[in-house]
Protein chains: 2
Amino acid sequence: MAVSIDYAALLAPDLPAPAPGWQGRPPYNFIGGHVDAASVPVEDMIAATATALRRDGATLSTYGLESGPLGYRPLREFVAAKLKKRSGLSVSPDEVLITSGSIQALELVYQLLCCPGDTVLVEQFTYAGTLSRLRGLGVNPVGISLDESGMRADLLAAKLAELKAQGIRPKFIYVIPTIQNPDGSIMPEGRRAELLQVSAEYGVPIFEDECYADLLWNGERPPAIAAMDEGRQVIHCGSFSKTIAPALRVGYIIAEPGLVAQIAACKEDGGTGALEQMMLSEYCWSHFDDHVDKVTLLLKEKLNVMTEALEEHFGTTAEFTAPPGGIFLWVSFPDAVDAMKLASAAAARGVAINPGPDWSADAAPARSRIRLCFGNPTHQAIRDGVKVLAEVCHEEFGVPVRSGNIERNSQSN
Amino acid sequence: MAVSIDYAALLAPDLPAPAPGWQGRPPYNFIGGHVDAASVPVEDMIAATATALRRDGATLSTYGLESGPLGYRPLREFVAAKLKKRSGLSVSPDEVLITSGSIQALELVYQLLCCPGDTVLVEQFTYAGTLSRLRGLGVNPVGISLDESGMRADLLAAKLAELKAQGIRPKFIYVIPTIQNPDGSIMPEGRRAELLQVSAEYGVPIFEDECYADLLWNGERPPAIAAMDEGRQVIHCGSFSKTIAPALRVGYIIAEPGLVAQIAACKEDGGTGALEQMMLSEYCWSHFDDHVDKVTLLLKEKLNVMTEALEEHFGTTAEFTAPPGGIFLWVSFPDAVDAMKLASAAAARGVAINPGPDWSADAAPARSRIRLCFGNPTHQAIRDGVKVLAEVCHEEFGVPVRSGNIERNSQSN
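Fair warning: this is a prediction, and the values are worked out from it, not measured in the lab. (Residues numbered from 1 in each chain as written. Chains lettered and ligands numbered in written order. Predicted model: local features only at pLDDT ≥ 70, side-chain atom pairs only at ≥ 80, totals over all residues. Heavy atoms only, no water.)

1. Here we look at the overall build of chain A
Thinking step 1. Per the secondary structure count, chain A includes eleven helices and 15 strands.
Thinking step 2. A compact globule built from 413 residues would reach a C-alpha radius of gyration of about 22 Å, and chain A, at 22 Å, matches this within 12%.
Thinking step 3. Seen along its three principal axes, the alpha-carbon backbone of chain A occupies a region of about 70 × 70 × 60 Å.
Thinking step 4. Across the 413 residues of chain A, 61% fall into the buried class.
Thinking step 5. Put simply, 74% of the contacts in chain A that link residues at least 6 apart link residues at least 24 apart.
Thinking step 6. Chain A carries 35 positive and 50 negative side-chain charges, and their two centres are separated by 1 Å. (Helix = DSSP H or I, 4+ residues; strand = E, 2+ residues; numbered from the N terminus. Rg over C-alpha atoms; globule rule 2.2 N^0.38 Å. Buried < 20%, exposed > 50% of the residue type's maximum accessible area, 1.4 Å probe, protein only. Contact = heavy atoms within 4.5 Å. Lys, Arg positive; Asp, Glu negative; His and termini not counted. Charge placed at Lys NZ, Arg CZ, Asp CG, Glu CD.)

2. Looking at the sheet that holds strand β10 (residues 251–254) of chain B
The strands that make up a sheet are held in pairs by hydrogen bonds between backbone atoms, and each pair lies either parallel or antiparallel.
Residue and element names in this part refer to chain B.
Thinking step 1. With mixed pairing, the seven strands of this open sheet are ordered in space as β2-β10-β9-β8-β7-β3-β4. In this open sheet, the two strands that pair with only one neighbour each are β2 (96–99) and β4 (140–144). Recorded for the sheet is a direction-independent mean angle of 25° between the axes of neighbouring strands.
Thinking step 2. Of the strand pairs in this sheet, strand β3 (residues 119–123) and strand β7 (residues 173–175) are connected by two bridges, and their pairing is parallel. (Pairing = 2+ DSSP bridges. Axes fitted to C-alpha atoms, helices over the stretch in contact; angles between N-to-C directions.)

3. So, the relation of the copies chain B and chain A
Thinking step 1. After a rotation of 180° and a shift along the axis of 0.0 Å, chain B superposes on chain A with an RMSD of 0.0 Å. Within this description, the copies of the chain are treated as partners about a two-fold rotation axis. Within chain B, Gly-273 of chain B has its C-alpha nearest the rotation axis, a separation of 2.8 Å.
Thinking step 2. Of the interface residues in chain B, 100% have counterparts in chain A that sit at the interface too, so the contact is made through matching surfaces. (Least-squares fit on C-alpha atoms with pLDDT ≥ 70 in both.)

4. What to know about the sheet that holds strand β2 (residues 96–99) of chain A
All names here are of chain A.
Thinking step 1. The seven strands lie next to each other as β2-β10-β9-β8-β7-β3-β4, forming an open sheet whose pairing is mixed. Whereas interior strands pair on both sides, the edge strands pair on one side only; in this sheet they are β2 and β4 (140–144). Ignoring which end each strand starts from, the neighbouring axes of this sheet average 25° apart.
Thinking step 2. In terms of strand pairing, strand β7 (residues 173–175) meets strand β8 (residues 206–209) through three bridges, oriented parallel. For Ile-173, the partnering residue across the bridge sits in β8 and is Ile-206.
Thinking step 3. On top of the sheet, helix α3 (residues 101–113) reaches β2, β7, β8, β9 (234–239) and β10 (251–254); it is set at about 155° to β9, its chief contact.

5. Observations regarding the confidence of the model for chain A
Residues and elements named next belong to chain A.
Thinking step 1. Summary statistics for chain A give a mean pLDDT of 94 and a share of 96% for residues scoring 70 or more.
Thinking step 2. Counting contacts from residues 408–413, a segment whose pLDDT is below 50, to residues more than four positions away or on other chains yields two contacts.
Thinking step 3. With pTM at 0.94, the complex prediction returns an ipTM value of 0.93. (pLDDT = per-residue confidence, 0-100.)

6. Considerations on the domain arrangement of chain A
Residues and elements named next belong to chain A.
Thinking step 1. Along its sequence, chain A is organised into domain 1 (24–40 + 290–408) and domain 2 (42–287).
Thinking step 2. Each of domain 1 and domain 2 has a C-alpha centre, and the two are 27 Å apart.
Thinking step 3. Taken together, the contact between domain 1 and domain 2 spans 29 residues of the former and 33 residues of the latter.
Thinking step 4. Overall, the association of domain 1 and domain 2 removes approximately 2,600 Å² of surface from exposure, summing both partners, and the carbon and sulfur fraction of that is 65%.
Thinking step 5. When the buried area of domain 1 at its contact with domain 2 is split by residue, Pro-324, Trp-359 and Ala-361 rank highest and sum to 23% of it.
Thinking step 6. At the junction of domain 1 with domain 2, the criterion picks out zero salt bridges.
Thinking step 7. Run the count over domain 1 and domain 2 and you get 14 residue pairs in polar contact (both at pLDDT 80 or more).
Thinking step 8. With eight residues, the single largest contributor to the side of domain 1 that touches domain 2 is helix α8 (residues 274–314).
Thinking step 9. For the side of domain 1 that touches domain 2, the residue count by class is 16 nonpolar, seven polar and six charged. (Domains from an automatic or database assignment. Buried area = accessible area lost by both parts, 1.4 Å probe. Salt bridge = Lys/Arg side-chain N within 4 Å of Asp/Glu carboxyl O. Polar contact = N/O pair within 3.5 Å; in protein donor to acceptor, adjacent residues only side chain to side chain. Nonpolar A, V, L, I, M, F, W, Y, C, P; charged D, E, K, R; others polar.)

7. Focus on helix α3 (residues 101–113) of chain B
Residue and element names in this part refer to chain B.
Thinking step 1. Here α3 spans 19 Å end to end across 13 residues, near enough to the 18 Å set by a 1.5 Å rise per residue.
Thinking step 2. The element α3 is largely enclosed, with a buried count of eleven among its 13 residues.
Thinking step 3. Taken as a whole, α3 has its buried residues at Gly-101, Ser-102, Ile-103, Gln-104, Ala-105, Leu-106, Leu-108, Val-109, Tyr-110, Leu-112 and Leu-113. (Expected span 1.5 Å × (residues − 1).)

8. What about unusual backbone geometry?
Thinking step 1. For the bond running from Val-399 of chain A to Pro-400 of chain A, omega is -5°, close enough to zero to count as cis.
Thinking step 2. Here Asn-181 of chain B and Pro-182 of chain B are connected by a cis peptide whose omega angle stands at 20°.
Thinking step 3. Within the element layout of this structure, Pro-182 of chain B appears in the loop between β7 and α6 (189–202).
Thinking step 4. In this model, Asp-14 of chain B sits at a positive phi of 60°, which is unusual for a non-glycine residue.
Thinking step 5. By the secondary structure assignment, Asp-14 of chain B is in the segment before β1 (28–29).
Thinking step 6. A positive phi angle is found at Leu-65 of chain B, which is not glycine, with a value near 55°.
Thinking step 7. With respect to the element layout, Leu-65 of chain B can be found in the loop between α1 (42–56) and α2 (73–87).
Thinking step 8. Judged by relative accessible area, which is 5%, Leu-65 of chain B ranks as buried.

9. A few points about the packing of aromatic side chains
Thinking step 1. Going through the model one piece at a time under the given rule, you end up with 24 aromatic pairs over all chains.
Thinking step 2. The structure contains a cluster of three or more aromatic residues connected by ring pairs, namely Phe-78, Phe-240, Tyr-252, Trp-285 and Phe-288 of chain A. (Phe/Tyr/Trp six-rings, centres within 6.5 Å; stacked < 30°, edge-to-face > 60°.)

10. Things to note about the interface of chain B and chain A
Thinking step 1. Across the contact, 92 residues belong to chain B and 93 residues belong to chain A.
Thinking step 2. Of all residues in chain B, Tyr-7, Leu-10 and Tyr-63 of chain B bury the most surface against chain A, accounting for 11% of the area lost on that side.
Thinking step 3. There are four salt bridges connecting chain B and chain A.
Thinking step 4. Arg-25 of chain A serves as the salt-bridge partner of Glu-66 of chain B, at 3.0 Å between the closest nitrogen and oxygen.
Thinking step 5. Run the count over chain B and chain A and you get 38 residue pairs in polar contact (both at pLDDT 80 or more).
Thinking step 6. Of all the secondary-structure elements, those providing two or more residues to the side of chain B that touches chain A are α1, α3, α6, β9 (234–239), α7 (257–266) and α8 (274–314) of chain B.

Structure, rendered in structure tokens:
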């Protein structure tokens, strides 16, 4: 007799919806932190893997590669060197914890600090994964408005004072100061100092996420907030997903050694993938800077293709500020446009976009905004996809009134 | 002014103790699922990585390697083929979810089914990680006694009846039927059928952990319980950690497609390490069987060295049954021996062992038992470490009365 267990009666509550069957990605994929397929340094990765495996391959026989719970030591040494050179952040390899992508870095910090009912302060517009995951944990993300310099320190202080009056001490202030996600801005040094001041005043740490910070068009940037931290106010994280490849799943957390040891104890996964750590440690010492120069050039070209396509097909209907780096563009439409409706209508036409409300602590301010990722699609896919998106937007909301050269010619007459 | 946040006031409750600074492993390391360092197939791994990267390296630019949320499809195809050949289990690649080691496989099943206060049934002696993690989640693991055929089906049925009378429906029955951890036994087919019968009768699924099942001295084994499952009573997991290398962090879950899709949705990690999945998929098709034949031979030799050393230095003080495969030996000492005390005294002498109570649902039955892993240490380290362990045991508990050839000669007079 065939028996079937009634799993519905056994499943934990509030599980995410089952993963849909894999149909591949849509033809015009403007979502996800993917990178340019042609830029993956396959041959250099092969050489680096061979060198690293011939040197330390026997240590695959043990958990942790004989490097302990913080991760493969040669990679921690590279991360420390990279941060000193690029972010002005001086740390020892014992202050670096290698994680399975920055997703795990975020998860570990939530696990370290958060309980259901806790409050966390975030930028009004921020990484959708942080918002959804915090809410999934029963944590309340409270948005602080941004200006062109990032999270407003005055509003942050006001909110902390208001919460303090209610007896609420937020667990941390989550910021993405260098290539803010989604708006792409870079927080000036002065604002970083102001945030540190407010953090100190209220005794609430800053969690600085710099997973896009290495993708700057001109390389110029202020020091990481963690680099300006005179105490131990800042927990910092980053990733190799956007500079090398997202499928590798390698990121890192920087904090003072005592805190790193506490976070490492929470990382009960048997270690992060060994081949990735070994390959990256070997590859990055000799190739990271050159590779980043190459991919940022490719990304800047794709951004130009995307902004030109938006101007051609949306005209003044689409407002945006071209970012100084990264892989995404934050676009604002007239109030008539409902980004959630636009996203589902566009999906039906093969165009995937991130609707603003998913990337906003409060849905309303992002009602007519979308995030467009340009890292993975080809130039042609960007041009064609934006054209389809404009058609869908016109069909749904009547704007842009008309798209393409015709209108722009008629305007020029 | 240097500011220091008072993290003690911010940390979540019940965090594990901070990870100690890395001092390397003890000279006589008889703990942990490590394997033989010399058996890591470094050159074949290098070749496999190169082939896989030249074929699919460009897909590293996207999360999931264009294979979707279940993991790299060529590896899922190999896992399906391996299970059919070795475990008698016929599944499609869409019933295979690749995980970051079997640790994540276990975590995902806990997340799928368990809430604080839930009950789970386990073998009286079982994997310490399962016991500690379930308790960490507020789940109550209830032990069912083992006999030489594994978990006793009659006692399982009695416990389920008792719990049912209390209105308690356990979330699953966790068993390690093929190379039971820690006792190394193999559950006969008849007992597997009995467990399925009881599972069906009470509507409680079986979670079958076969992460050691490929390491059999003679390859003979009954089908996986999942292979005998006519409905969908069994969730099955396995790993490449013990057959290839633990640092790779690649395991898998097998369940019916709907359940796999639900578990995949809970796996919010951006994917399992890509290089590991690519390398293994390429390596295993051509080398897995030969490699497993080679390592099981090495492991059997190490087991012989360990049992000879135990007989030499402990004589009749150490009782054990040599397992038909795997990487560990379950040893029983006279009641006078407190395994927890022995473990700490031995650690001070550079010998790491697993005290029985850590591997037992109830501490008492395992008070005088220990688990000794022989996969990683050299023959010499096994001989020397067991000799030191016998000295420590004698110093602490007076047994063995005397160790080494002297006594055995005097006995023979």
